Amino acid sequence: MTLDEKIGQLAQVNAAGGHVPDHLRDAIREGRIGSVLNEVHVDTVNEIQRLAVHESRLGIPLLIGRDVIHGFTTVFPIPLGQAASWNPTLVEEGARIAAQEAAACGVNLTFAPMIDISRDPRWGRVAESLGEDPYLTGVLGAAMIRGFQGDDLARDGSIAACAKHFAGYGASESGRDYNTTNIPENELRNVYLPPFKAAVDAGVASLMTSFSDLDGVPASANTFLLKQVLRDEWHADAMVISDWESIKQLAVHGFTENDRESAYQAATAGVDMEMASTAYADHLASLVREGRISEPTVDAMVRNVLRVKFRLGLFDNAQTDAAAYAPAANADHLHAAYNAAVASAVLLKNDDWALPLHVESLDRIAVIGPLADDPYEQLGTWIFDGDAAHSRTILQSIREFVGERATVEFARGVQTTRSRSHEHVAEAVALAARSDVVILVLGEEAILSGEAHCRADITLPGAQQGLLEAVSATGTKVVLVLMAGRPLALELAVPHASAMLYAWHPGTMGGQAISDLLFGVVSPSGKLPVTFPRVTGQIPIYYAHKHTGKPATAESFIHMEDIEPRAHQVSVGNTSFHLDAGFTPLFPFGFGLSYSHVEYEHMQCSTAVLTMTGRITISADVVNVGPRPVEEVVQLYVRDLVGDVTRPVKELKAFTRVQLARGERRHVAFTLTARDLAFYGRAQRLIVEPGRFHVWIGGSSNPELRAEFTLVDDTAR
Ligand code: GLC
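The model shown is predicted, which means the values in this text are computed figures rather than measured ones. (Residues numbered from 1 in each chain as written. Predicted model: local features only at pLDDT ≥ 70, side-chain atom pairs only at ≥ 80, totals over all residues. Heavy atoms only, no water.)

(A) How the structure looks around the overall build of the protein. The helix and strand inventory of the protein stands at 18 helices and 26 strands. Projected onto its principal axes, the C-alpha coordinates of the protein cover approximately 75 × 70 × 55 Å. Scored against the burial criterion, the 717 residues of the protein give a buried share of 60%. The contacts of the protein with a sequence gap of at least 6 include a subset with a gap of at least 24, amounting to 76%. When the accessible surface of the protein is totalled, it reaches about 26500 Å², and 49% of it is carbon and sulfur. For the protein, the centre of its 60 positive side-chain charges and the centre of its 87 negative side-chain charges are spaced 4 Å apart. (Helix = DSSP H or I, 4+ residues; strand = E, 2+ residues; numbered from the N terminus. Buried < 20%, exposed > 50% of the residue type's maximum accessible area, 1.4 Å probe, protein only. Contact = heavy atoms within 4.5 Å. Areas by Shrake-Rupley, 256 points an atom, 1.4 Å probe, with all protein chains shown as cover. Lys, Arg positive; Asp, Glu negative; His and termini not counted. Charge placed at Lys NZ, Arg CZ, Asp CG, Glu CD.)

(B) Focus on helix 15 (residues 394-402). Taken together, the buried positions of helix 15 are occupied by I394, L395, S397, I398 and V402. For helix 15, the angular spread of buried residues about the axis comes to 165 degrees, placing them on one side. Where the residues of helix 15 are buried, they touch strand 12 (364-368), strand 13 (407-411), strand 14 (437-443), strand 15 (477-483) and helix 18 (510-518). Phi for G403, located one or two positions after helix 15, is positive at around 60 degrees. (Arc of directions from axis to C-beta.)

(C) Inspection of the domain arrangement of the protein at higher detail. Partitioning the protein into structural domains gives domain 1 (1-60), domain 2 (61-302), domain 3 (331-518), domain 4 (544-584) and domain 5 (598-712). On a C-alpha basis, the centroid separation for the pair domain 4 and domain 5 is 30 Å. Across the interface of domain 4 and domain 5, roughly 450 Å² is buried in total on both sides, 59% from carbon and sulfur atoms. The largest contributions to the domain 4 side of the interface with domain 5 come from A544, K546 and H547, which together make up 80% of the buried area. There are zero salt bridges connecting domain 4 and domain 5. For the interface between domain 4 and domain 5, the tally reads two residue pairs in polar contact (both at pLDDT 80 or more). Residues that form the side of domain 4 that touches domain 5 fall into these classes: one nonpolar, two polar and one charged. (Domains from an automatic or database assignment. Buried area = accessible area lost by both parts, 1.4 Å probe. Salt bridge = Lys/Arg side-chain N within 4 Å of Asp/Glu carboxyl O. Polar contact = N/O pair within 3.5 Å; in protein donor to acceptor, adjacent residues only side chain to side chain. Nonpolar A, V, L, I, M, F, W, Y, C, P; charged D, E, K, R; others polar.)

(D) Structural view of the nonpolar core. Counting 100 residues, the largest nonpolar core has F148, F166, L207, L225, Y280 and L284 as the members making the most contacts within it. Leave out the neighbours within four places in its chain, and F148 touches V68, A95, R96, A98, A99, T110, A112, P113, G157, S158, I159 and A161. If you look at the next biggest cluster of nonpolar residues, it comprises 45 residues, including Y338, V481, L501 and A503. (Core = buried A, V, L, I, M, F, W, Y, C linked by side-chain atoms within 4.5 Å.)

(E) Highlighting the sheet that holds strand 9 (residues 239-241). Pairing is parallel across the open sheet formed by three strands, whose spatial order is 5-6-9. Looking at the sheet topology across the chains shown, the edges are occupied by strand 5 (162-166) and strand 9. The average undirected angle you get between the axes of adjacent strands in this sheet is 25 degrees. In this structure, strand 6 (residues 206-209) lies alongside strand 9, joined through three bridges in parallel fashion. Considered in strand 9, the bridge of L207 is made with V240. Helix 8 (residues 194-201) rests against strand 5 and strand 6 of the sheet, and its axis sits at about 155 degrees to strand 5. (Pairing = 2+ DSSP bridges. Axes fitted to C-alpha atoms, helices over the stretch in contact; angles between N-to-C directions.)

(F) Main features of the site of the ligand. Around the ligand lies a shell formed by D67, F111, R125, K164, H165, M208, F211, D243, W244, M275, W382 and E451. In the environment of the ligand, an oxygen atom lies 2.7 Å from a nitrogen or oxygen atom belonging to the side chain of K164. Here an oxygen atom of the ligand and a side-chain polar atom of E451 are 3.0 Å apart. In the complex, the protein chains occlude 93% of the 310 Å² of accessible area that the ligand would expose alone. Residue composition of the shell around the ligand, grouped by class: six nonpolar, one polar and five charged. (Near = heavy atom within 4 Å.)

(G) Molecular detail of the packing of helix 7 (residues 185-192) against helix 8. One can describe the packing of helix 7 onto helix 8 by two numbers: an axis separation of 5 Å at closest approach and a directional angle of 50 degrees. Put simply, helix 7 runs oblique to helix 8. Residues L188, R189, N190, V191 and Y192 of helix 7 touch helix 8, and the partners they reach there are P194, P195 and F196. (Parallel < 35°, antiparallel > 145°, perpendicular 65-115°, else oblique.)

(H) Geometry of the pattern of salt bridges. For the coordinates displayed, the defined rule picks out 43 salt bridges. Notably, a salt bridge pairs E601 with R665, separated by 2.8 Å at the nearest N-O pair. Here E601, found in strand 17 (residues 598-605), pairs with R665, found in strand 22 (residues 665-673); they are 64 residues apart in sequence, far enough to count as distant. Via salt bridges that share partners, R25, D26, R29, E47, R50 and E55 belong to a single interconnected network.

(I) Quick look at the packing of aromatic side chains. With the rule as written, the count across this model stands at 21 aromatic pairs. Pairing Y169 with F211 gives two aromatic rings, centres 6.4 Å apart and planes at 75 degrees, and the pair type is edge-to-face. Of the two residues, Y169 sits in the loop between strand 5 and helix 7 while F211 sits in the loop between strand 6 and strand 7 (213-214), which places them 42 residues apart along the sequence. Accessibility assignment for this pair places Y169 and F211 in one class, buried. Taking 4.9 Å as the distance between ring centres and 35 degrees as the angle between the ring planes, the aromatic pair formed by F401 and F519 counts as tilted. One end of the pair, F401, is in helix 15; the other, F519, is in the loop between helix 18 and strand 17, and 118 residues separate them in sequence. Since its relative accessible area comes to 25%, F401 is described here as partly exposed. (Phe/Tyr/Trp six-rings, centres within 6.5 Å; stacked < 30°, edge-to-face > 60°.)

(J) Broad picture of the environment of D259. By the secondary structure assignment, D259 is in helix 11 (residues 259-269). For D259, the contacting residues outside a window of four places in its chain are K248, A279 and H283. Within polar-contact distance, the side chain of D259 engages the side chain of K248 at 3.0 Å.

(K) Local environment of the sheet that holds strand 12. Spatially, six strands are ordered 11-16-15-14-12-13 in an open sheet, and the strand pairing comes out mixed. Taken across any chain shown, the strands that pair with only one partner, and hence form the sheet edges, are strand 11 (346-350) and strand 13. Across the sheet, the axes of successive neighbouring strands diverge by a mean angle of 15 degrees, strand direction being ignored. Alignment of strand 12 against strand 14, held across four bridges, turns out to be parallel.

(L) Main features of the pairing of strand 19 (residues 615-624). The element strand 19 is largely enclosed, with a buried count of eight among its ten residues. Where strand 19 meets strand 22, nine bridges bridge the pair, whose relative direction is antiparallel. Each bridged residue has a counterpart across the sheet, and for V622 the counterpart in strand 22 is R666.

Structure, rendered in structure tokens:
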């Protein structure tokens, strides 16, 4: 390969529109391109690959990239919703189907899974994430990678995955996208990096660097991340691709003078392929010729790119036979999307068994709200290839289910989720007043979450709170269904609904899934993958927080409205809480109700003392004491009471789903070793320390049962 041909492999350019423009044709023939993104017309992709293989000197096929984030034509719930299923098998299945539908169009690289940990739901990209917890994100991110890549990247229907955005992007200040991040190395290693390590361990073919600067060094030029962590510590051989023009943006950050210096910084830090901008194409060759970058450095970058192409089998066949694939959005794919939407919904409130609804006892059902019958909005963000024509909306599905058994009437109530006009509220209120139940579907349009779509106030937008209160004031029972790309601050909404079902943006089959959940055809089993704040001002609020030296307790908390006039300064407070919001979330991580009731009993540890080489089994009985079958996500949390650095009050270490018939008792056991208790200490090395540990088993991060064990160092002699 000539130097120019090597550098050509490092360029990913945007292509779209179903044709190959002359400039792209020439660039491919001259070996100046290694990849395109955003072309999904299979005939055009095949022509692009034909040009690369048969009309360039070396005949190197291209990577064809696309954002296949939560489905392709068949749209699954947004990743944050899928995370609420706590079901790796289901997440893997969704990725596998998305990969098949994308591969049928010639796509061989997806820019997913997005595994940024975020504890700030103001950030729009929390919608693409798998939640706030490193362990859950790592398990589900690995499942997505397995789904995308299969067990053989060269097999039809497998596409290369891309773990993104490496790293720390979710800590963007104030939840404002692209904003700076400052993360102490210890927190970076204990919180933000573990999901990426899990992705590397799962064999992810590539990683994408983030737009953000990390402690003053943009991720796309961050030698600590790209060399020390990824290559030297993790020994990863994955390809590293920049984000869209994130190499060019190094100068915008003020980290470099110009594109030439940006090319130098990114290449020497370890970014292999440049997305969309041309700093490498314009400057790498001269940087090599003047000796600032060695050609072996470029060779290593090219090797990382070619390795993915070899693993994909592109040198054997770069053409796509669309007929070899099942049709997109076929019945099986839609059914899988339905299952995912059912498993992703979280029941947050269900007073007096408001749900499930019994259609035989209902005459008039009101379906109200701007998201009740919108095939597009329920798909959520990042659905470039989604097709709303396949969507089943809530209204359609309820009408079909209810049939002639009751009257179903619809009113929008507000024009959009953002509109402030109350002009349609009266019609909705009148409908509510003459109905037996209101199914009110509120939340966020898809555009209000996702990349660059952040909100400083995460309450219900527009006039929706007013609509909810007006409908509730009629006295008709309100079942509130929420579609959103983030947790919303719902403290003011909760009192006005008898039941609340959080559906996220549930995808193509979301309406069918929600209708079946509301009428009890299926039961809710989702658990929150992210903490729900009472008010925006509590953010960041997350379950794995530190204890602090003055932790708040129910006893120490006093609401500011309850403070006596002229109270002495030290008479109130003195622990860590907000005077106007307290210190607990509205709904905690891991929380979710069902149509039954589960109790936990008889927690046991197999030993009170765990050795460095031993194992401990922690178990409990889970009993379905309610009226219906239930699927429960049993969760195991651990607390390291004393550490080389302060440790979280709880950390999720394991979970499992159990299905219980009415009255059924199941013995659930988890096994831990000392390695499961490892963390990065002050020296930034992974350590395991002897000491006392609390351990919990339960159905949320406010778990029911606690035990204790001690880890001893039996290796010291
Ligand atoms: C975007 C996103 C990234 C995406 C890429 C390609 O700006 O940050 O997640 O994969 O560009 O669309």
